[in-house]
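Next come the chains, spelled out residue by residue.
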Amino acid sequence: MRVAVIDDENIFRMQLKMMVEKLAKIKAVHILVDEFSGGQEFIDALSEKRYDIVFMDIYMPGMDGIETAKTLRRRTERTFLIFLTASDGHYPDAFSLHAFDYVTKPFTMERIDQVLTEILEHTPLDTAFIKISNAGKDERVKLKNIVSVTTDGHYLEIKKDDGVIKRARLTSGEFLEMTGSDKRFVIINRGIIVNMDYLNLIEGTEAYMSDGSTYPVSTRKLPELLQVVEEYKYNNQ
């Protein structure tokens, strides 16, 4: 799980980061915390990273928390957004942006624990799914369970981590659009998409998956692909 803390005051960033990391250790949850001193710095990072939880200070110079949150929401609705502020004057703005919670400063370990507990226990963090039509019925397939997607004529074969293969009348482009351009999925060859969470390694021109399957990798795209995989693994280790 990846958490972002955005605050122009260094003392609050450090304090909150230490609290989250301490609570993660207590709860036995793997959490990586990134700090940002401003809204624009955080927005720039979104081109390379995906955050599950964002703690956002409202009063910041330049791009303030409300404007930063608006930009975040234009990109994703999946992130849990918690506003940080010394006053409650922005409640209407906060909740119009689908904020999960609102924490006033100075915050305490007990208050941050309450927020994280509610997220972890009552709201599943990885429930993103696509909806496909199978045998005339709509079916939801969670993105985290998809190992690979391959083209078969006018259909896609969506392989899940339990070995089940779902067929859907979709193109590769339509599938990626349905995922919201989720960074887990990468095209490794014409008509072949893999979930990098299940990718063990690329050796030569073969991609080896954790379920034992292998797929050919485009020689032309190999250097670029290796870079994408390396960055993804580094950011999500």
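Going by an unreviewed UniProt entry, the chain carries the name Stage 0 sporulation protein A homolog and comes from Pseudobutyrivibrio ruminis. Taken verbatim from the UniProt record of the chain, the Function (unreviewed entry) comment is "May play the central regulatory role in sporulation. It may be an element of the effector pathway responsible for the activation of sporulation genes in response to nutritional stress. Spo0A may act in concert with spo0H (a sigma factor) to control the expression of some genes that are critical to the sporulation process."

Draft legend 1. The arrangement of the sheet that holds strand β3 (residues 53-57) in detail. Spatial strand order, β2-β1-β3-β4-β5: five strands in an open sheet with parallel pairing. Either end of the sheet is taken by a strand with one partner, and the two such strands are β2 (32-36) and β5 (101-104). With strand direction ignored, the average angle separating the axes of adjacent strands in the sheet is 20 degrees. Pairing of strand β1 (residues 2-6) with β3 involves four bridges; the strand directions are parallel. By the bridge assignment, Val3 is partnered in β3 with Ile53. In this fold helix α1 (residues 10-27) packs onto β1, β2, β3 and β4 (80-85), with an angle of close to 170 degrees to the strand it touches most, β2. Seen against the sheet, helix α3 (residues 65-75) touches β3 and β4 and runs at an angle of roughly 175 degrees to β4.

Draft legend 2. Broad picture of α3. For α3, the full list of buried residues reads Gly65, Ile66, Thr68, Ala69, Thr71, Leu72 and Arg73. The opening residue of α3 is Asp64, an N-cap whose side-chain oxygen sits 3.2 Å from the backbone nitrogen of Ile66.

Draft legend 3. Main features of the packing of aromatic side chains. Scanning the entire structure with this criterion turns up six aromatic pairs. Ring geometry for Phe36 versus Tyr51: centroids 6.0 Å apart, planes at 85 degrees, classification edge-to-face. Here Phe36 is found in strand β2, whereas its partner Tyr51 is found in the loop between α2 (39-45) and β3, with 15 residues between them in sequence. The two residues Phe36 and Tyr51 agree in class, both being buried. One aromatic cluster is present, formed by Phe36, Phe42 and Tyr51 through successive ring pairs. Between the NZ or CZ atom of Lys105 and the centre of the ring of Phe12, over which it lies, the distance is 4.2 Å. Positioned above the aromatic ring of Tyr155 is the side chain of Arg167, whose terminal nitrogen or guanidinium carbon lies 4.7 Å from the ring centre.

Conventions adopted
- Residues take numbers from 1 onward in each chain, read along the sequence in its written order.
- At least 70 in pLDDT is required for a residue's local features to be given in this predicted model, at least 80 for side-chain atom pairs to be given and counted, and no such filter applies to totals for whole chains, interfaces and linings, which use all residues.
- Excluding hydrogens and water, the side-chain values take into account all heavy atoms of the structure.
- UniProt positions are given in the numbering used here, feature names are shortened, and annotations may be inferred rather than shown by experiment.
- Any two strands between which DSSP finds at least two bridges are classified as paired.
- By definition, any uninterrupted DSSP run of H or I lasting at least four residues is a helix, any uninterrupted run of E lasting at least two residues is a strand, and each is numbered from the N terminus.
- Note on definitions: angles span 0 to 180 degrees between N-to-C directions of axes, and those axes are lines fitted to C-alpha atoms, for helices only across the stretch in contact.
- The contact rule is simple, with two residues in contact once any of their heavy atoms fall within 4.5 Å.
- Partly exposed residues are those whose accessible area sits between 20% and 50% of the maximum for their type, while under 20% is buried and over 50% is exposed, using a 1.4 Å probe and protein chains only.
- By the criterion applied in these results, polar contacts are pairs of N or O atoms within 3.5 Å in which, for protein atoms, one can donate a hydrogen and the other can accept it, and in which residues neighboring in sequence qualify only through two side-chain atoms.
- Pairing of aromatic side chains here covers Phe, Tyr and the six-membered ring of Trp, requires ring centres within 6.5 Å, and sorts the geometry by plane angle: under 30 degrees stacked, over 60 edge-to-face, intermediate tilted.
- The rule is short: NZ of Lys or CZ of Arg within 6 Å of the ring centre and within 35 degrees of the ring normal puts a charge over the ring.

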